[in-house]
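Next come the chains, spelled out residue by residue.
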Amino acid sequence: MNSPYTFKHLTPSMNNGKSRPAIFLFHGLGSNEDDLLQLVEEFKDQCHIFSLRGPITHPPGYAFYTFEEEGKPTREVFDKVIVFTQSFIMEAIKTFNLDNEKIYLIGFNQGAVVAETLSLVMGQMIRGTVALSGFLPDFVIDEYKKMPMDRLKIFISHGEYDYVYPIQWGQKSQKVFTDYGATVTYKTYPDGHGVTQDNLRDLVNFIAEDLIDKIN
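Residues numbered from 1 in each chain as written. Predicted model: local features only at pLDDT ≥ 70, side-chain atom pairs only at ≥ 80, totals over all residues. Heavy atoms only, no water.

The protein chain is annotated in an unreviewed UniProt entry as Esterase from Lysinibacillus telephonicus. Turning to the protein chain, the UniProt record has this under Sequence similarities (unreviewed entry): "Belongs to the AB hydrolase superfamily. AB hydrolase 2 family." (UniProt positions renumbered as here; feature names shortened; annotations may be inferred.)

Put into structure tokens, the structure is as follows:
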């Protein structure tokens, strides 16, 4: 891989030379590439898993972008991260012979912002997205070029008591993706800014059901 990203790559045990599905993970602010691997334990036998480390140091971990205040990423930095990350995914598809009809994104916090944005700009290249407590920046909604999304399935979840990213931000994302033709599953949980066990179960089911559907 020519990408400057630091990342972890888990290869599927059922790797028989055929192209396999892939899941790309994007952690939250101050975390790292180990953080979300626990969410996708169930899929390690059948999917390539790529967990990316944010390129910006933000103790005790890393970040995918800088920001002026919550909800307002620094545009110049964010634009570059989206371009670099899209290139990473495309290079991974080619390098590891991934099934380009079964590409999934999962992100939390900043990672959810990246995953949602990639889903808009990559459109049909993404089969399914899980956005955990994220949002779409206003400049992405207003100015980014969007690709067709009628094939995209997206699971958006938010804590009802989230005071880091208010629940209204999740609702706004739901509307944007619905308006652009994606199939949207939107769920809220009695939690703050985190992932409950019910949330984890629902996101796993969301990916699992689609994988089965695509394989069949």
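Still more to cover.
Asks: Help me understand the packing of helix 1 (residues 75-95) against helix 2 (residues 110-122), please; the structure alone is not making it clear to me.
Replies: Think of two packed helices as two axes; the pair is described by the angle between the axes and how far apart they sit. The N-to-C vectors of helix 1 and helix 2 enclose an angle of 70°; their axes lie 10 Å apart at closest approach. On the basis of the axis angle, helix 1 is roughly perpendicular to helix 2. The two elements helix 1 and helix 2 meet at a crossing, and its hand is right-handed. For the pair formed by helix 1 and helix 2, the contact residues are F78, I82, T85, Q86, I89 and M90 on the first element and V113, V114, T117, L118, V121 and M122 on the second. Of the residues contributing to the contact of helix 1 with helix 2, the split by class is nine nonpolar, three polar and no charged. (Axes fitted to C-alpha atoms, helices over the stretch in contact; angles between N-to-C directions. Helix = DSSP H or I, 4+ residues; strand = E, 2+ residues; numbered from the N terminus. Parallel < 35°, antiparallel > 145°, perpendicular 65-115°, else oblique. Left-handed = near helix turned anticlockwise from the far one by under 90°. Contact = heavy atoms within 4.5 Å. Nonpolar A, V, L, I, M, F, W, Y, C, P; charged D, E, K, R; others polar.)

Asks: What is the right way to read the environment of K8 from this model?
Replies: Counting through the fold element by element, K8 comes out in strand 1 (residues 7-10). Under the relative-accessibility criterion, K8 is labelled partly exposed at 35%. The spacing of K8 and E33 is 25 residues in sequence and 6.7 Å in space, taken between C-alpha atoms. A polar contact of 2.5 Å, which involves the side chain of K8, links it to the side chain of D34. (Buried < 20%, exposed > 50% of the residue type's maximum accessible area, 1.4 Å probe, protein only. Polar contact = N/O pair within 3.5 Å; in protein donor to acceptor, adjacent residues only side chain to side chain.)

Asks: Would you mind going over the UniProt feature "domain: Phospholipase/carboxylesterase/thioesterase" (unreviewed entry) in the protein chain with me for this structure?
Replies: Summarizing the sequence annotation, UniProt attributes the feature "domain: Phospholipase/carboxylesterase/thioesterase" (unreviewed entry) to residues 17-208 in the numbering used throughout. The span residues 17-208 is 34% helical and 28% strand by assignment, and the distance between its end C-alpha atoms comes to 22 Å.

Asks: What am I meant to see in the nonpolar core here?
Replies: Generally speaking, nonpolar side chains in soluble globular proteins are found buried as a group. Within the largest apolar cluster, 42 residues are counted, with the highest numbers of intra-cluster contacts made by F24, F26 and F177. Contributing elements (two or more residues each) for this core: strand 2 (20-26), strand 3 (48-52), helix 1, strand 8 (98-108), helix 2, helix 3 (138-143), strand 10 (153-159) and helix 4 (167-179). When residues no more than four places from it in sequence are discounted, the contact partners of F26 are L36, L52, F64, T85, L105, I106, G107, F108, G111, V114, A115 and L118. Formed by 22 residues, the second largest nonpolar core is a distinct cluster that contains L36, Y189, V204 and F206. (Core = buried A, V, L, I, M, F, W, Y, C linked by side-chain atoms within 4.5 Å.)

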